[in-house]
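# Per-entry structural report
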Amino acid sequence: MKAGDNMRASHNPPTSNLNEQASDADAFDAQMLDPLSAFDEAPKDRHFVTALARGVEILRCFTPRETLLGNQDLATKTGLPKATVTRLTHTLTRLGCLKRQVQTGKYQLDVGVMGIGYALLSNLSVRASSHPLMEEMAAYAQASVAMAARDRLQMVYLDVAYGKANMSTRRHIGTYLPMHLTSMGRACLAAMPENEREFILDHLRATHQDDWPMIRKGLERAFRDYADFGYCMSIGEWQRDINSVAVPMIHAQHGLLAFNCGGPSFHLPREKLEEDIGPRLVNMVNNIEAATR
């Protein structure tokens, strides 16, 4: 049985026509979810540049929690020979993407990477129309409202608006969230074309084999909510005492996005998400789509 059996979202969201927007959905599997484990397959693709892929994967090893990494750390994380990693970090340093600390010999991301990220954010035209509506929603809910997109098996924040009463749970642009436990990830999965969703679910199951029965149950519940109401929820499943609701949107230029509203469970109990915040978020996303047509 495939990972996604009986996990279909039948809801056609008012925000988009998924069939029209997914004309090249068959191309999604060209994105490697774990390129390092697939390097042996690279010779089958004559256009695939392994050296470039390895360099990109080195950069992706750095996170907000792991800002300093040495060659041995990077070799352990990537599974690449240390000699290969040493050449890659040297090259990335010469390119201005990494900076080496003299005291420790470890590396950190340099400003060259920021330019790439800023270029991406500057090209997100949807932010101009979505952010004012996100701010309005955040002020009403007194909670954070964010926009995110999928990156492999995670969601990454592309924009955030903050409510005044949500100081303790603020997350910023660039924050990563797990797909399978968060409302944003579940909304993204629910709105995907079926073949793409099956592909992602199969990888999630392989990555989280021990926890898959619990994960699957949560996804099935979220997909039912999406089919019935147009939103997905996460009730303390990613972080204890944090609840959230999310709605997907297909954008003609930027593809599948998700918008969420989340905060402490005492402030956003399930009932409030179901009866008030969820429907308002659906309406907000409808307005964003209308403004970006």
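These lines cover the structure that appears in this document, whether it is placed above or below. Please read these numbers as outputs of a predicted model, since none were measured by experiment.

## A closer look at unusual backbone geometry
Positive phi, close to 60°, is recorded for R152, a residue that is not glycine. Its location among the elements puts R152 in the loop between strand 3 (144-151) and strand 4 (154-161). Overall, the relative accessible area of 16% leaves R152 in the buried class. Even without being a glycine, D241 presents a positive backbone phi close to 70°.

## Here we look at the pairing of strand 8 (residues 255-264)
Of all the ten residues making up strand 8, nine are buried; the element is thus mostly covered by neighbouring parts of the structure. Looking at chain direction, strand 3 and strand 8 are connected through five bridges and run antiparallel. In the strand pairing of strand 8, A146 is matched with N260. Taken together, the ten bridges between strand 7 (residues 242-251) and strand 8 define a ladder with antiparallel strand orientation.

## Looking at the packing of aromatic side chains
Summed over all chains, the structure comprises one aromatic pair. With 5.7 Å between their ring centres and 20° between their planes, F229 and Y231 make a pair best called stacked. Using a relative accessible area of 4% as the deciding quantity, one classes Y231 as buried. Sitting over the ring of Y140, R280 keeps its end group 3.8 Å from the ring centre.

## Looking at the packing of helix 2 (residues 50-60) against helix 4 (residues 82-94)
Viewed as axis vectors pointing N to C, helix 2 and helix 4 meet at an angle of 80°, and their least axial separation amounts to 10 Å. Looking at the two axes, helix 2 sits roughly perpendicular to helix 4. Contacts from A51, R54, G55, I58 and L59 of helix 2 reach helix 4 at T84, V85, L88, T89 and L92.

## Re the pattern of salt bridges
Applying the stated criterion to the full structure yields 14 salt bridges. The salt bridge involving R60 is made with D151; its shortest N-O contact spans 2.9 Å. Of the two residues, R60 sits in helix 2 while D151 sits in strand 3, which places them 91 residues apart along the sequence. Here E196 ties to R150 by a salt bridge, and the two come within 3.6 Å at their closest N and O atoms. Of this pair, E196 sits in helix 8 (residues 194-207) while R150 is found in strand 3, placing the two residues 46 residues apart along the sequence. For E196, a relative accessible area of 14% gives the class buried. Overlapping salt bridges bring together R186, R221 and E237 as one network.

Reading the values: rules and limits
Residues numbered from 1 in each chain as written. Predicted model: local features only at pLDDT ≥ 70, side-chain atom pairs only at ≥ 80, totals over all residues. Heavy atoms only, no water. Helix = DSSP H or I, 4+ residues; strand = E, 2+ residues; numbered from the N terminus. Buried < 20%, exposed > 50% of the residue type's maximum accessible area, 1.4 Å probe, protein only. Pairing = 2+ DSSP bridges. Phe/Tyr/Trp six-rings, centres within 6.5 Å; stacked < 30°, edge-to-face > 60°. Lys NZ or Arg CZ within 6 Å of the ring centre and 35° of its normal. Axes fitted to C-alpha atoms, helices over the stretch in contact; angles between N-to-C directions. Parallel < 35°, antiparallel > 145°, perpendicular 65-115°, else oblique. Contact = heavy atoms within 4.5 Å. Salt bridge = Lys/Arg side-chain N within 4 Å of Asp/Glu carboxyl O.

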